[in-house]
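An overview of the molecular structure
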Amino acid sequence: MEVTNRYTVIKHHINGAPEESDFELKPETLTLSIEPGKKEMIVKNLYISMDPFQINRMKDRSSSYEPIKYSGSLIPGEAIYGPGVGKVVVSDNPEFKKDDIVSGYLSWGEYTRTKPEYQLTKVDTMGLPLSYHSGVLGVSGFTAYAGFFDVCKPKKGEKVFVSSASGSVGNLVGQYAKLFGCYVVGCAGSKAKVDLLKEKLGFDEAFNYKEETDLKSALKRYFPDGIDMYFDNVGGKMLEAAIENMNTFGRVAVCGVISEYTNQDKRAGPSMVDVVYRRLTIRGFLIPDHMHIYNDFFSTTVNYLKNGKIQVLEDISHGVESIPSAFVSLFRGSNVGKKMVQIADD
Ligand SMILES: NC(=O)c1ccc[n+]([C@@H]2O[C@H](COP(=O)([O-])OP(=O)(O)OC[C@H]3O[C@@H](n4cnc5c(N)ncnc54)[C@H](OP(=O)(O)O)[C@@H]3O)[C@@H](O)[C@H]2O)c1
């Protein structure tokens, strides 16, 4: 049997903010059968996660290419792969059978022809929505958990600042921190997002950074006694302002620097004198280095979800043709919570 598989590609490298017109949808005819012996599979894509890091792969040059396999350069016209959830249609891999639900690296298209090195894993939904495996139980959730617990090493009662706090990772950092017993302030880019953080997610305080003319004084207002931990999703000026408000022995978990991804001129230049005299730890991290706490993350988060202790924020677009606008929305701040595209019904 043959199907038409439409998949998303970049037309050319993208060095600034992405636009929908930078992408195109390509059709191909896909035969739903595979040559035996290579352990390949064909997976029908169900949910594709939209992640800011992909923009670094779309540039003609990026220092993200080298250190880690999945952040390598994308070639214009070729399929883009990223985290997602799908259903096995045909399998020559003895570990998987037809109709198994899998998560891992899938193409930004309707189907993925997978190889064993894509490291797909079987998903046990445990009665929870499948979309959770692209968000709260997927990369975003694990990033929030690993960055907060393994990098920040929190103590109860400490004061936490989170940027991009209504985003996929940020909202979960705030919720884990509140459940752990910290004081939490988040910043986000609109009044609606700020209200959501305070009224639905239980943040102690939140503010709209776009309305602040002096970020350093804004943080001083929310943290008169200083910040113990800063979970940085944005870099740039916010990182500089946070460093100037950190307490002695404060920790900064550098999760991402989205404000710098599309504008290299916005690079942070934090006061290194503050870093020295306040004995700060600033640590970048990537989740593959934290797999030793994956089981802990998964069981704790499932438990929180089943007991209604975590609110799930999802922002779902529908259909493969909506991938470009869904991706671009991350850089325009129009997403609330985990941005993903539902390609087909569960
Ligand atoms: N280290 C890791 O292993 C790892 C894993 C996953 C993600 N990350 C990183 O974590 C960060 C958050 O990712 P996510 O998936 O949760 O995305 P997200 O926060 O759900 O979405 C992006 C958000 O970033 C904010 N933003 C966009 N442009 C901005 C700018 N110029 N300045 C300030 N804020 C801006 C917008 O919110 P506002 O309305 O608040 O502006 C937007 O909604 C990213 O930097 C990402 O690369 C790292």
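Residues numbered from 1 in each chain as written. Predicted model: local features only at pLDDT ≥ 70, side-chain atom pairs only at ≥ 80, totals over all residues.

Taken N-terminus to C-terminus, the directions of helix α2 (residues 139–152) and helix α3 (residues 168–180) make an angle of 50 degrees; their axes are 8 Å apart at the nearest point. The orientation of α2 relative to α3 falls into the category oblique. Handedness of the crossing formed by α2 with α3: right-handed. Contacts between α2 and α3 pair S140, G141, T143, A144, Y145, G147 and F148 from the former with S168, V169, L172, V173, Y176 and A177 from the latter. Looking at the contact of α2 with α3 residue by residue, the classes come out as 8 nonpolar, 5 polar and no charged. (Axes fitted to C-alpha atoms, helices over the stretch in contact; angles between N-to-C directions. Helix = DSSP H or I, 4+ residues; strand = E, 2+ residues; numbered from the N terminus. Parallel < 35°, antiparallel > 145°, perpendicular 65-115°, else oblique. Left-handed = near helix turned anticlockwise from the far one by under 90°. Contact = placed C-beta atoms within 7 Å. Nonpolar A, V, L, I, M, F, W, Y, C, P; charged D, E, K, R; others polar.)

Sites flagged by UniProt as "domain: Enoyl reductase (ER)" (unreviewed entry) map to residues 16–341. Between the first and last C-alpha atoms of residues 16–341 the distance is 23 Å; the span itself is 28% helix and 26% strand. (UniProt positions renumbered as here; feature names shortened; annotations may be inferred.)

Taken together, 30 residues lie around the ligand, and G167, S168, G189, G256 and G333 are the ones closest in. Within the shell around the ligand, the residues separate by chemical class into 13 nonpolar, 14 polar and 3 charged. Each of domain 1 (2–136 + 313–342) and domain 2 (139–288) accounts for three or more of the residues forming the shell around the ligand. (Near = placed C-beta within 6 Å. Domains from an automatic or database assignment.)

Moving on, we come to the sheet that holds strand β9 (residues 183–188). Working definition: the strands of a sheet are paired by backbone hydrogen bonds and lie parallel or antiparallel to each other. With parallel pairing, 6 strands are arranged side by side in an open sheet as β10-β9-β8-β11-β12-β13. Each of the sheet's edge strands pairs with one partner strand only, and the pair in question is β10 (205–208) and β13 (281–284). Strand-to-strand twist across the sheet, computed as the mean angle between neighbouring axes with direction ignored, equals 15 degrees. Note that strand β12 (residues 246–254) and β13 share 4 bridges and pair parallel. Residue pairing for β13: R251 is matched across the bridge by T281. Strands β8 (159–162), β9, β10 and β11 (227–232) of the sheet are contacted by helix α5 (residues 215–222), whose axis makes an angle of about 160 degrees with β10. (Pairing = 2+ DSSP bridges.)

The subject of this paragraph is the pairing of β11. Burial analysis of β11 places 6 of its 6 residues in the buried class, which makes it a mostly covered element. Across 3 bridges, β8 lies against β11 in parallel orientation. In the strand pairing of β11, F161 is matched with Y230. Here 5 bridges tie β11 to β12, and the two strands are oriented parallel to one another. For Y230, the partnering residue across the bridge sits in β12 and is V252. The parallel pair β11 and β12 is bridged by helix α6 (residues 236–244), and the resulting crossover is right-handed. (Buried ≥ 20, exposed ≤ 12 C-beta atoms within 10 Å, placed from the backbone. Right-handed = clockwise from strand over helix to strand, strands pointing away.)

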